[in-house]
Amino acid sequence: MQSENKQRVGIIGGGIMGVTLAYRLSQRGYDVTLYERGSQLGGLASYFMYDGQRIDRFYHTILSSDMSMHGLIQESGVGEKVHFTATKQGFYDKGKIYPFNTPVDLMSFPPLSLIQRFRLGLQIVYAQFESDWRTIDRIPVQDWLMKVSGRKVYDKVWQPLLRAKFDTLSGDVPATYIWSRLKRMMGTRQGVTSKEMMSYLEDGYYTLIEALEKHCLERGVVFKLNTAIDKLEIENSKVSGVRLADGSVDPQDMVISTLHSPGLAALLPDGFADFKTKLAKQEYLGVLCPLVIMDRKLTPYYVINITDASIPFTAVVETTNLVDPAHVKNNHLVYLPKYVAPDNEMMQWPDEQVRTEWMRTFKQMFPDVQDSWIKDFIVQRARYVEPIRPINTLDDIPDIVTPIDGLYMGNTVMIYPDLGNGEAVTRFADRIIATIP
Ligand SMILES: Cc1cc2nc3c(=O)[nH]c(=O)nc-3n(C[C@H](O)[C@H](O)[C@H](O)COP(=O)(O)OP(=O)(O)OC[C@H]3O[C@@H](n4cnc5c(N)ncnc54)[C@H](O)[C@@H]3O)c2cc1C
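Residues numbered from 1 in each chain as written. Predicted model: local features only at pLDDT ≥ 70, side-chain atom pairs only at ≥ 80, totals over all residues.

Secondary structure assignment for the protein chain yields 13 helices and 22 strands. For 437 residues, the compact-globule estimate of 2.2 N^0.38 gives 22 Å, and the C-alpha radius of gyration of the protein chain, at 22 Å, lies within 12% of that figure. Its C-alpha atoms give the protein chain principal-axis dimensions of about 65 × 50 × 45 Å. For the protein chain, the proportion of its 437 residues judged to be buried stands at 41%. Taking the contacts inside the protein chain whose residues are at least 6 apart along the sequence as the reference set, 70% of them involve residues at least 24 apart. (Helix = DSSP H or I, 4+ residues; strand = E, 2+ residues; numbered from the N terminus. Rg over C-alpha atoms; globule rule 2.2 N^0.38 Å. Buried ≥ 20, exposed ≤ 12 C-beta atoms within 10 Å, placed from the backbone. Contact = placed C-beta atoms within 7 Å.)

Next up, the structure:
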């Protein structure tokens, strides 16, 4: 529905959040300009070219329960590019990979005793019935897990999973995090067989961004790539525009920032000390995410979680067990991620050092793999990925409406208790649209 509203809106950041906002605002008749620092749209969901084919920089799956995302995909006209696959999960423990998909797998999971398996299953069921996340947000994750799972299951299963996701910071995390993750993952299970259904977009996640961009361009949205915003222009506590790195100013009636919180803090001029402090102190984990490109299949699993702390990466994500290899030029894509705390020096390692460390352990895990099967090893990294929300800090979450008139914000800190993913981000974009005048 097109209105006569011709307010000028500047959107800062061209990731999924920014592009979804541009699409929705252009539908409503706003005069939209989107500023993206990088040379392509997509942010964490961007791509690189390999063998003439788009490859996601980071693995991206769309769960069958991601209703907002599937709705946007249909609406933007690329619904025929979605493909569903029943995927499998595994667990790597003491040199062996165990299937970890169905209740039967759980009940015969060798690293745990019968009673421990039962307690693990109970924890998963228990999470589905917990609805008061504000209460469990005050409970440290280990206390919540140990109460139902017990110490041994915690040490064997949960603690390594927490380490995988939070590096050294898992002690600060509330129960909400695992609760949210268990709820999301169970949403993909179908029927009594508990088959896990996931989907992907042919030619990568960028297929959606590209489709949204096309609609935006038809409605006159201006995309300024390679354009970092340097500062916000503010007059009498009201935003009046954005200053670009070359010093020029674009006047705007309204600005929506989709940057991570410290990124927005850096754009604020002098003053607004409380707001600036609130944004700047928000911590994020980064990710170091090498991709091994192989000429053949490695395992049957989409993801293998790793419990062994001596292995530098924390999962093996073989996306070509979800994505048809024919859609990526018959390459086989194996991502080996490691989430890193802000002070983890690994993030600064040169690519060659990452390769040496990663491949040494990769070969221990998969001794049959021949060097000739490996076509490439490409290191991807991102500094601001997973917001860290310590226990009892809900008041630190900023609002969409900021203390500066005309300035609105949205980022993955604010989608809490949901996890940072495309589904939650697109849903949050709709909340922003419902909030702005
Ligand atoms: C390893 C990994 C795996 C993931 N797996 C999944 C998955 O399976 N499924 C799923 O749904 N999600 C997944 N995600 C999460 C998903 O990628 C993110 O939730 C989503 O992309 C966040 O989008 P965003 O627009 O909020 O932020 P971003 O993508 O970070 O976008 C912010 C943009 O702002 C730009 N920017 C920064 N500073 C400036 C400036 N000063 N001026 C202009 N522009 C600026 C940046 O360049 C960037 O493009 C994964 C992420 C990672 C890292």
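There is more to say, and it comes next.
The next point concerns the domain arrangement of the protein chain. Where interface size is quoted, it is often the accessible area lost as the parts come together. With domains assigned, the protein chain is organised as domain 1 (8–60 + 204–282 + 393–435), domain 2 (102–193) and domain 3 (197–202 + 284–387). Each of domain 1 and domain 3 was reduced to a C-alpha centroid, and the two centroids are 28 Å apart. Between domain 1 and domain 3, the residue contacts involve 17 residues of the former and 18 residues of the latter. Among the secondary structure elements, those contributing two or more residues to the side of domain 1 that touches domain 3 are β4 (53–56) and α9 (206–218). In terms of residue class, the side of domain 1 that touches domain 3 is built from eight nonpolar, seven polar and two charged. (Domains from an automatic or database assignment. Nonpolar A, V, L, I, M, F, W, Y, C, P; charged D, E, K, R; others polar.)

If you check the shell around the ligand, you find 35 residues, and the closest are G13, G15, G43, N421 and G422. Looking at the shell around the ligand, the elements that each hand over two or more residues are α1 (16–27), β16 (284–294), β21 (374–387) and α13 (422–435). Of the residues in the shell around the ligand, the class split is 17 nonpolar, 15 polar and three charged. Both domain 1 (8–60 + 204–282 + 393–435) and domain 3 (197–202 + 284–387) contribute no fewer than three residues apiece to the shell around the ligand. (Near = placed C-beta within 6 Å.)

At their nearest, the axes of helix α4 (residues 114–129) and helix α6 (residues 141–149) sit 8 Å apart, and the two run at 125 degrees to each other. Here α6 runs oblique to α4, going by the angle between their axes. Between α4, through R119, L120, L122, Q123 and Y126, and α6, the contact on the second element is made entirely by L145, V148 and S149. Class assignment for the residues of the contact of α4 with α6 results in five nonpolar, two polar and one charged. (Axes fitted to C-alpha atoms, helices over the stretch in contact; angles between N-to-C directions. Parallel < 35°, antiparallel > 145°, perpendicular 65-115°, else oblique.)

Before going further, it helps to spend a moment on the sheet that holds strand β14 (residues 249–251). Spatially, three strands are ordered β12-β13-β14 in an open sheet, and the strand pairing comes out antiparallel. In the strand order of this sheet, the two ends are held by β12 (229–235) and β14, each with one partner. Along the sheet, successive strands turn relative to each other by an average axial angle of 30 degrees, direction set aside. Strand direction decides the pairing type here: strand β13 (residues 238–244) and β14, joined by three bridges, are antiparallel. Looking across to β14, one finds that R243 is bridged to V249. (Pairing = 2+ DSSP bridges.)

Let us look at the sheet that holds strand β2 (residues 31–35). Pairing in this open sheet of five strands is parallel, and the strands run β11-β2-β1-β15-β22 from one edge to the other. Looking at the sheet topology across the chains shown, the edges are occupied by β11 (222–224) and β22 (407–409). Neighbour-to-neighbour, the strand axes of this sheet turn through a mean angle of 20 degrees, independent of strand direction. For β2 and β11, the ladder comprises three bridges, and the chain directions are parallel.

Our focus in this paragraph is the environment of D105. Here D105 lies in helix α3 (residues 103–107). Assessed through the 17 C-beta atoms surrounding it within 10 Å, D105 is described here as partly exposed. With sequence-adjacent residues up to four places away left out, D105 is seen in contact with P99 and F100.

In strand β19 (residues 332–335), alternate side chains face the same way, and those of H332 and V334 on one face and L333 and Y335 on the other are all buried. Sheet analysis places β16 next to β19, joined by four bridges and oriented antiparallel. Bridge pairing links V292 to V334 in β19.

One finds I11, A22 and I256 to be the most contacted residues of the largest nonpolar core, which totals 112 residues. Among residues more than four places away in sequence, those in contact with A22 are I11, V32, L34, C216 and V221. (Core = buried A, V, L, I, M, F, W, Y, C linked by C-beta atoms within 7 Å.)

With that settled, consider α9. Relative to the 18 Å expected for 13 residues at 1.5 Å per residue, α9 spans 18 Å between its end C-alpha atoms, a close match to the ideal helical length. Looking at α9, one finds that the buried residues are Y206, L208, I209, E210, A211, L212, E213 and C216. Remark: G220 follows α9 within two positions and exhibits a positive phi of approximately 90 degrees. (Expected span 1.5 Å × (residues − 1).)

Note: most peptide bonds trans; most residues except glycine with negative phi. A cis amide bond links Y416 with the next residue in sequence, P417, at an omega value of 10 degrees. Tracing the sequence through the fold places P417 in the loop between β22 and α13. With a phi close to 60 degrees, S237 is a non-glycine residue in the positive phi region. In this structure, S237 sits in the loop between β12 and β13. Its identity as a non-glycine residue notwithstanding, N330 has a phi of 60 degrees, on the positive side. Relative to the helices and strands, N330 is located in the loop between β18 (315–318) and β19. Taking the C-beta count within 10 Å as the criterion, N330 has 13 such neighbours and is therefore assigned partly exposed.

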